[in-house]
Amino acid sequence: MNATPLVEVQNLRKHYPIGGGLFARARAWVRAVDGVTFTIQAGETLGLVGESGCGKTTLGRLMLRLIEPTAGDVRFEGRSLLGLRPRELRGLRRRMQIIFQDPYGSLNPRMRVGNIVGEGLAIHRLGSRAERRDRVHELLELVGLPPAAARRYPHEFSGGQRQRVGIARALAVEPRFVVADEAVSALDVSIQAQIINLLQELRERLGLTMLFIAHDLRVVEHVSDRVAIMYLVHIVEIGPRDEIYRNPRHPYTRALLSAVPVPDPRRAARRTPLGGDVPSPVNPPPGCAFHPRCPAAEAVCRSVQPSLETGRRDHAVACHVFPAEKQ
Ligand code: SF4
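Residues numbered from 1 in each chain as written. Predicted model: local features only at pLDDT ≥ 70, side-chain atom pairs only at ≥ 80, totals over all residues. Heavy atoms only, no water.

Draft legend 1. Focus on the sheet that holds strand β9 (residues 226-231). The strand order across the open sheet built from 8 strands is β6-β7-β8-β3-β9-β10-β12-β11, with neighbouring strands paired in mixed fashion. In this open sheet, the two strands that pair with only one neighbour each are β6 (96-99) and β11 (309-310). Note: strand β10 (residues 234-240) against strand β12 (residues 316-317), 2 bridges, orientation antiparallel. Bridging across to β12, Ile-238 finds its partner in Ala-316. Its contacts with the sheet put helix α5 (residues 159-171) on β6 and β7 (177-181), and the angle it makes with β6 is roughly 175°. Here helix α6 (residues 189-206) sits on the sheet and contacts β3 (45-49), β6 and β8 (209-214); the angle it forms with β8, its principal contact strand, is near 165°. (Pairing = 2+ DSSP bridges. Helix = DSSP H or I, 4+ residues; strand = E, 2+ residues; numbered from the N terminus. Contact = heavy atoms within 4.5 Å. Axes fitted to C-alpha atoms, helices over the stretch in contact; angles between N-to-C directions.)

Below, the structure is given as structure tokens:
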């Protein structure tokens, strides 16, 4: 693995004010992301998993600076994104793209597919008109659509085909880093598998680095090199994929894995289903935010927030009772 990560997230925070007004102070703050730190190496895919409302989508957008963080830093190719002027940021945007969750809402229904896919090329003034048209056809073929699809409108396609258009649009400007934000969540299971396979193939063929966001551990398993688990605005466990699936430490990760259907009856017998709902980020529980739902919670969990500590095999866990195994 390379020594310098392609993407570095350092102590990233995003807090939103609630109440107050233009001249009045906020009455409270909602934490959407709080003190998140990790890296992604070039060519690596990091799967980011958690229930809805845990902050994973906000984190993905912060990493592309589509929204401004409250504190912390994001570095891309060694440069801080936060220090960039708008022009420099625009230049860098080419290298960092996003695939959205909703293949219905994310494509402009009044634009032909060829213009949607070629929009980034036109914005960045890449190539002549004819070259851009050829590139659009090439991209459509790359994602498994016929070049003739360029003349059609989004409503003429199925959900899976639209997501292929969304992928072609993201890849048009030859990014190095792609955030796939719940890119398969809105699709049927059989179509999900096709899109995951496509992303995996493209990633290998084009040498992409990816953050693959999902709410289901099953979805990220085959596409990820490492997996991070997020619970209520914090990363609670992160490590190499096989470590997370074979040796999960955090009770929340174990509960998420319990929800994944498995053919192995021994794994099925060890299920620990997850009860209750994710608490409100406006008023999170003190100590470990997972303690109201955790079957292993002890007294310390109710008052002291565990920090994410790295142990053997690059496996980091934030838990008092099941810490990372010592190096
Ligand atoms: Fe459960 Fe305590 Fe670990 Fe939190 S710190 S996950 S409450 S055991």
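Still more ground to cover, so stick around.
Draft legend 2. The arrangement of the side chain of Arg-162 in detail. On the secondary structure map, Arg-162 appears in helix α5. Buried Arg-162, no salt bridge; nearest opposite-charge side chain is Asp-102, N-O distance 7.0 Å. If sequence neighbours within four positions are ignored, Arg-162 has contacts with Pro-103, Tyr-104, Leu-107, Pro-154, His-155 and Phe-157. (Buried < 20%, exposed > 50% of the residue type's maximum accessible area, 1.4 Å probe, protein only. Lys, Arg positive; Asp, Glu negative; His and termini not counted. Salt bridge = Lys/Arg side-chain N within 4 Å of Asp/Glu carboxyl O.)

Draft legend 3. Expanded view of the packing of helix α3 (residues 113-123) against helix α4 (residues 129-142). One way to put it is that α3 packs onto α4 with a least axis distance of 9 Å and a crossing angle of 120°. Helix-helix and strand crossings are classified by hand; for α3 and α4 the assignment is right-handed. The residues of α4 that touch α3, namely those facing Val-113, Gly-114, Val-117, Gly-118, Leu-121 and Ala-122, are Arg-132, Arg-135, Val-136, Leu-139 and Leu-140. In the contact of α3 with α4, the residues fall into 7 nonpolar, 2 polar and 2 charged. (Left-handed = near helix turned anticlockwise from the far one by under 90°. Nonpolar A, V, L, I, M, F, W, Y, C, P; charged D, E, K, R; others polar.)

Draft legend 4. Structural detail: the site of the ligand. Taken together, 13 residues surround the ligand, and among them Cys-288, Cys-294, Cys-301, Cys-319 and His-320 come closest. Residues of the shell around the ligand, tallied by class, amount to 10 nonpolar, 3 polar and no charged. (Near = heavy atom within 4 Å.)

Draft legend 5. The arrangement of the nonpolar core in detail. Within the largest apolar cluster, 57 residues are counted, with the highest numbers of intra-cluster contacts made by Ile-167, Phe-212, Leu-217 and Ile-229. Leave out the neighbours within four places in its chain, and Leu-217 touches Val-49, Val-227, Ile-229, Tyr-245, Thr-253, Leu-256, Leu-257 and Val-260. One finds Phe-76, Leu-81, Leu-92 and Ala-228 within the second-largest nonpolar core, a separate group that totals 32 residues. (Core = buried A, V, L, I, M, F, W, Y, C linked by side-chain atoms within 4.5 Å.)

Draft legend 6. Region of the structure containing the environment of Arg-75. Summarising the element assignment, Arg-75 is placed in strand β4 (residues 71-76). Considered as a pair, Arg-75 and Gln-10 are 65 residues apart in the sequence and their alpha carbons are 8.2 Å apart. Those residues in contact with Arg-75 that lie beyond four places of it in its chain are Leu-6, Val-7, Glu-8, Gln-10 and Ser-80. Of note is the side chain of Arg-75, whose polar atom sits 2.8 Å from the backbone oxygen of Gly-78. (Polar contact = N/O pair within 3.5 Å; in protein donor to acceptor, adjacent residues only side chain to side chain.)

Draft legend 7. Representation of the pattern of salt bridges within the structure. With the rule as written, the count across this model stands at 22 salt bridges. Put simply, Glu-51 and Arg-293 hold a salt bridge, and the shortest N to O gap is 3.1 Å. With Glu-51 in the loop between β3 and α1 (56-63) and Arg-293 in the loop between α10 (265-269) and β11, this pair connects stretches of sequence that are 242 residues apart. Arg-203 is the partner of Asp-225 in a salt bridge, and the nearest nitrogen-oxygen pair spans 2.8 Å. One end of the pair, Asp-225, is in the loop between α7 (217-221) and β9; the other, Arg-203, is in helix α6, with 22 residues separating them in the sequence. Look at Arg-203 and you get buried, because its relative accessible area is 12%.

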